Amino acid sequence: MQFRQQALSKLQSPEELDLPVRYARPQGLLVLAVTLVVMAAASVWAVTGSVASTLRAPGILTHGQGGYVLQSPVTGQVTGVYAKEGERLDAGAPVLKVRTDHGDKAVRAIAAGRVTTLLARIGTVVTTGADVASVERVAGIDDPLLAMLYVPADSAATVPVGALVDLTVQSVPTQRYGTLRGRVKAIGRTAQTRQRITGFLGDKELAGQFTKDGPPVAVLVRLDKSPGTDSGYAWSTGGGPPFTPESMTLATGAVHLAEQRPIDWLLP
């Protein structure tokens, strides 16, 4: 108590009243000024700035008309193969020759297209209804490439028509040639089952891969054309690869969603 009384008496002494009072050190003022500037900048950005987000989804390059699985209408042994993978066929063109108990029968293409997978070989024994080939429907050699993305159903509503899409193509080195550019052309209204995707692509394995996390929504992407490139399409880096990617090539799409203002996140 004695020391406390002496301290109080010294503070109340007239000798102390005319001394200047220091509210903050120069270092403190500098920190305060920097803090105020940062807060002001953050406030301005929250009102006028925006944040872009992307949605990644697996997909495939296609001509947009789908495909079909060619099945053998007869039972017998394959004695001739008239088509090869990558070849374009007219509707009704022979694909295989099968020797049956009633003579040789031809397995023909149902519709014009490009053979993507040939399952049967000479000597293979096939039964009625067995899968022998996968054919992608192609109307003509000038049909443009498209990309079909399979977006999770709970995220499809956030994808707007016209959104920019960057496609990483499996057969193209991204570090060297960049990504393929495109824009969302159409969005499916319902989720795609494995059976529907198989019917469209003509490939059960791909359908299983695209539906492993549940039925997705199909998003059709139109690729941006660029006459000055070897591929005929626009790429993020230079002129892109010295070749045109083939249809039925796997790709991963990064869809650029609509920009959002940060202040919207703060308001209830």
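Calculation criteria
- Residues numbered from 1 in each chain as written.
- Predicted model: local features only at pLDDT ≥ 70, side-chain atom pairs only at ≥ 80, totals over all residues.
- Heavy atoms only, no water.
- Helix = DSSP H or I, 4+ residues; strand = E, 2+ residues; numbered from the N terminus.
- Buried < 20%, exposed > 50% of the residue type's maximum accessible area, 1.4 Å probe, protein only.
- Contact = heavy atoms within 4.5 Å.
- Areas by Shrake-Rupley, 256 points an atom, 1.4 Å probe, with all protein chains shown as cover.
- Core = buried A, V, L, I, M, F, W, Y, C linked by side-chain atoms within 4.5 Å.
- Salt bridge = Lys/Arg side-chain N within 4 Å of Asp/Glu carboxyl O.
- Pairing = 2+ DSSP bridges.
- Arc of directions from axis to C-beta.
- 1 Å grid on protein atoms, 1.4 Å probe; cavity = no way out; pocket = protein on both sides within 12 Å on 5 of 7 lines; lining within 4 Å.
- Points joined across faces, edges and corners; volume = space filled by probe spheres on them.
- pLDDT = per-residue confidence, 0-100.

### What to know about the overall build of the chain
When helices and strands are tallied, the chain shows seven helices and 14 strands. In the chain, which comprises 268 residues, the share counted as buried stands at 38%. In the chain, the proportion of contacts linking residues at least 24 apart, taken out of those at least 6 apart, comes to 72%. Here the chain displays about 16300 Å² of accessible surface, and carbon together with sulfur accounts for 55% of that area.

### Looking at the nonpolar core
In a soluble, globular protein the nonpolar side chains are often hidden away together inside. Counting 25 residues, the largest nonpolar core has Leu149, Leu167, Leu180 and Val255 as its most contacted members. Residue assignment for this core shows that the elements contributing at least two residues are strand 1 (54-62), strand 10 (146-152), strand 11 (164-169), strand 12 (180-191) and strand 13 (216-223). Here this core takes four residues from strand 13, the largest share from any one element. In this structure Leu167 touches Ala147, Leu149, Thr179, Leu180, Val221, Leu223, Thr252 and Gly253, once residues within four positions along its chain are discounted. Residues Val78, Val95, Leu118 and Ala133 belong to the second largest nonpolar core, which totals 20 residues.

### Describing the pattern of salt bridges
One pass over the full model with this rule turns up five salt bridges. With a shortest N-O distance of 3.6 Å, Lys204 and Asp131 are connected by a salt bridge. Of this pair, Lys204 sits in helix 6 (residues 204-210) while Asp131 sits in strand 9 (residues 131-137), placing them 73 residues apart in sequence. Judged by its relative accessible area of 29%, Asp131 falls in the partly exposed class. For Asp166, the salt bridge goes to Arg181, with nearest N and O atoms at 2.5 Å. Residue Asp166 is located in strand 11, and its partner Arg181 is located in strand 12; the two are separated by 15 residues in the primary sequence. With a relative accessible area of 15%, Asp166 lands in the buried category. Accessibility expressed as a relative area gives 28% for Arg181, which makes it partly exposed.

### Details of the sheet that holds strand 2 (residues 67-71)
Hydrogen bonds between backbone atoms are what pair the strands of a sheet, whose relative direction is either parallel or antiparallel. Strand order in this open sheet of four strands is 2-9-7-4, and the pairing throughout is antiparallel. Looking at strand neighbours, the two that pair on one side only are strand 2 and strand 4 (88-89), the edges of this open sheet. In this structure, strand 4 lies alongside strand 7 (residues 113-118), joined through two bridges in antiparallel fashion. Bridge pairing in strand 7 places Arg88 opposite Arg114.

### Examining unusual backbone geometry
Not every positive phi belongs to a glycine, and Met248 is a case in point at roughly 65°. What makes Met248 buried here is its relative accessible area of 18%.

### As for the pairing of strand 12
Here four bridges tie strand 11 to strand 12, and the two strands are oriented antiparallel to one another. The partner of Leu164 across the bridge, within strand 12, is Arg183. With six bridges connecting them, strand 12 and strand 13 associate as antiparallel partners. When the sheet's bridge partners are listed, Ala186 is paired in strand 13 with Leu220.

### Structural notes on helix 5 (residues 194-201)
Among the residues making up helix 5, those that are buried are Ile197, Thr198 and Leu201. All buried residues of helix 5 fall inside an arc of 105° around its axis, so they share one side. Gly202 lies just past helix 5 and shows a positive phi near 75°.

### A short note on the pairing of strand 1
Where strand 1 meets strand 14 (residues 250-256), seven bridges bridge the pair, whose relative direction is antiparallel. Bridge pairing links Ile60 to Leu250 in strand 14.

### Topic: the layout of surface pockets
Here the largest pocket is characterised by a volume of approximately 250 Å³. As for the largest pocket, its lining consists of 13 residues, and the residues nearest its centre are Pro58, Tyr150, Pro152, Phe210 and Asp213. Elements with a minimum of two residues in the lining of the largest pocket: strand 10 and helix 6.

### Observations regarding the confidence of the model for the chain
On average, residues of the chain carry a pLDDT of 82, and 78% of them reach 70 or more. Mean pLDDT across the elements of the chain ranges from a minimum in helix 7 (residues 262-266), with 49, to a maximum in strand 11, with 95.

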